[in-house]
Amino acid sequence: MSFSKRENRIYYNPMMKAIGRYNLIEPGEKVAVGMSGGKDSTSLFVMLDTLSKQKRLGFEFEVVPICLDLGFDMDIAPMKELVESKGYELDIVKTDIAKVVFDIREEKNPCSLCAKMRRGYLYSRARELGCQKVALGHHLDDAIETYFMNFLFHGRMESFEPITYLTQTEVSIIRPMIYLEEKSIIRFCQKKELPVVFNPCPVDKKTKREEMKRLIEGLSVDYPLVKQRFIQGMEQETKENEWKIEKNL
């Protein structure tokens, strides 16, 4: 499969730049991909599959797709078919997350507990499968939204990092799409006609993150370079909580 210069420039070059700059994937590693069925994780899986099979990073690595069954009535057949069409078997982990969050705990703000439980299941399963890395579908817009959420609600000027090592599970969390804007991922999904699974969560699109998304959209109108400036600010390495570029690369 060949790609146009434009496709490389918009999608693959930013991902390869992030992987190289932050040493996200190393030769021979098994990289779990947390798949929810949404556009972000689906695009991430397809892009990593392409980089792996074409050895575009200059070495081989293995992609391991994992999906958590949260307990919702969710049709994952399209996602399963996509994964199998690429030559993989989707590892499905049964959980009772929906029952715990909405029925037992009856959380008024369920996102935090849900995310914590999802991370626990995903990271543990990745470790069981022998994966050294777990790739998540977070993109540049997610990073900026997280920064503003931490700033406005907790008084902390920080966001998640491109790579984080977890001592408890001995795996590293990586975010290869950290340089990609959400609009680029939407275009990629549409261009490749990738299946997007409907999210049945009752609080989907009703969270504080959606408020941050609208805030960033408004800022982008008046300040078109706000996202690029965010990257520059996070990579200046003037504070402990900013992104650290690998110096040996």
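Please refer to the structure higher up on the page.
All values reported here derive from a predicted model rather than from experimental measurement.

K.L.:
How would you summarise the overall build of the chain if you had to cite specific residues and measurements?
P.N.:
Helix and strand counts for the chain come out as nine helices and six strands. A compact globule built from 249 residues should have a C-alpha radius of gyration of about 18 Å, and the chain, at 18 Å, falls within 12% of that. Principal-axis analysis of the C-alpha atoms gives the chain an extent of 45 × 45 × 35 Å. Counting only residues that meet the buried cut, the chain has 47% of its 249 residues in that class. A separation threshold of at least 6 residues defines the contact pool for the chain, and within that pool the share at least 24 residues apart is 75%. As displayed, the chain has an accessible area near 13,500 Å², and 49% of this comes from carbon and sulfur atoms.

K.L.:
Lay out the packing of helix 6 (residues 140-154) against helix 9 (residues 226-234) with the relevant residues and their values.
P.N.:
Where helix 6 contacts helix 9, the axes come no closer than 10 Å and their chain directions differ by 70 degrees. By the angle between their axes, helix 6 is roughly perpendicular relative to helix 9. Of the residues in helix 9, those touching helix 6 at Leu-140, Asp-141, Ala-143, Ile-144 and Tyr-147 are Lys-227, Phe-230, Ile-231 and Met-234.

K.L.:
Before we move on, could you go through the nonpolar core and cite the residues and values that matter?
P.N.:
Core analysis: the largest hydrophobic core is formed by 51 residues, its most contacted members being Ile-25, Phe-45 and Leu-48. Among all residues touching Ile-25, those that are not within four sequence positions of it are Ile-19, Val-31, Leu-48, Leu-57, Phe-59, Phe-61, Lys-133 and Ile-174. Counting 20 residues, the second largest nonpolar core, distinct from the first, contains Ile-97, Val-101, Ala-126 and Cys-131.

K.L.:
How would you sum up the sheet that holds strand 6 (residues 171-174)? Please name residues and give values.
P.N.:
One open sheet accounts for six strands, arranged 3-2-1-4-6-5; its pairing is mixed. Each edge of the sheet is formed by a strand with only one pairing partner; in this case those strands are strand 3 (91-94) and strand 5 (163-166). Taking the axes of each pair of neighbouring strands and ignoring which way they run, one obtains an average angle of 30 degrees across the sheet. Summarising the sheet, strand 1 (residues 30-35) and strand 2 (residues 62-69) pair through six bridges and their orientation is parallel. For Gly-34, the partnering residue across the bridge sits in strand 2 and is Ile-66.

K.L.:
Just give me the short version of a nonpolar patch on the surface, but keep the residues and values in it.
P.N.:
Judged by side-chain polarity, Phe-151, Leu-152, Phe-153, Met-157 and Leu-215 come together as a nonpolar surface patch covering roughly 440 Å² of accessible area. Element by element, the count of residues in the nonpolar patch is highest for helix 6, at three residues. Position of Phe-153 relative to the elements: it lies in helix 6.

K.L.:
Can you explain a positive patch on the surface? Please cite residues and give values.
P.N.:
Taken together, the side chains of Arg-6, Arg-9, Arg-187 and Lys-191 present a region of like positive charge at the surface. Broken down by secondary-structure element, the contributors of at least two residues to the positive patch are helix 1 (5-21) and helix 7 (182-191). If you trace the backbone, Lys-191 turns up in helix 7. Residue classification places Lys-191 among the exposed positions, given a relative accessible area of 53%.

K.L.:
Can you explain unusual backbone geometry? Please cite residues and give values.
P.N.:
Of note in the backbone geometry, Glu-170 takes a positive phi value of approximately 60 degrees without being a glycine. Topologically, Glu-170 is positioned in the loop between strand 5 and strand 6. Overall, Glu-170 belongs to the partly exposed group, its relative accessible area being 43%.

K.L.:
Quick one: what's the story with the pairing of strand 3, residue by residue and with numbers?
P.N.:
Residues Asp-91 and Val-93 line the buried face of strand 3, whereas the alternating positions Ile-92 and Lys-94 sit on a face that is not buried. Pairing of strand 2 with strand 3 involves four bridges; the strand directions are parallel. Bridge pairing links Asp-69 to Lys-94 in strand 3. In this region the chain leaves strand 2, passes through helix 3 (residues 77-85) and returns to the parallel neighbour strand 3; the handedness of that crossover is right-handed.

Cut-offs and rules
For every chain, the first residue of the written sequence is number 1, and numbering continues from 1 onward in sequence order. Local features are withheld for residues below a pLDDT of 70 in this predicted model, meaning they are given only at 70 or higher, and side-chain atom pairs are given and counted only at 80 or more; totals for whole chains, interfaces and linings count all residues. Heavy atoms throughout the structure, all of them, feed into the side-chain values; hydrogens and water do not. Secondary structure elements are taken from DSSP: a helix is a run of H or I of four residues or more, a strand is a run of E of two residues or more, and numbering for both begins at the N terminus. All radius of gyration figures rest on C-alpha atoms, and the globule criterion is 2.2 Å times the number of residues raised to 0.38. Relative accessibility under 20% of the residue-type maximum defines a buried residue, over 50% an exposed one, and the middle range a partly exposed one, all with a 1.4 Å probe and only protein chains included. We call two residues in contact when some of their heavy atoms are within 4.5 Å. For accessible areas, the Shrake-Rupley method is used with a probe of radius 1.4 Å. Any residue's cover is judged against the shown protein chains and nothing else. Note on geometry: axes are C-alpha line fits, over the in-contact stretch for helices, and angles between N-to-C directions span 0 to 180 degrees. An angle counts as roughly parallel when it lies under 35 degrees, as roughly antiparallel when it exceeds 145, as roughly perpendicular when it falls between 65 and 115, and as oblique in every other case. Take the buried residues of types Ala, Val, Leu, Ile, Met, Phe, Trp, Tyr and Cys, join any two whose side-chain atoms come within 4.5 Å, and each joined set is a nonpolar core. We call two strands paired when DSSP finds no fewer than two bridges between them. Residues enter patches when their relative accessible area tops 30% and they take part in no salt bridge; the joining distance is 9 Å for like charges and 5 Å for the nonpolar side chains Val, Leu, Ile, Met, Phe, Trp and Tyr. Here a salt bridge means any side-chain nitrogen of Lys or Arg lying within 4 Å of a carboxyl oxygen belonging to Asp or Glu. Charge assignment in this entry is limited to Lys and Arg as positive and Asp and Glu as negative, and neither His nor the chain termini are counted. A charged residue contributes its charge at one atom only: NZ of Lys, CZ of Arg, CG of Asp or CD of Glu. A clockwise path from the first strand over the helix to the second, with the strands pointing away from the viewer, defines a right-handed crossover.

The analysis is restricted to geometry; functional conclusions fall outside its scope.
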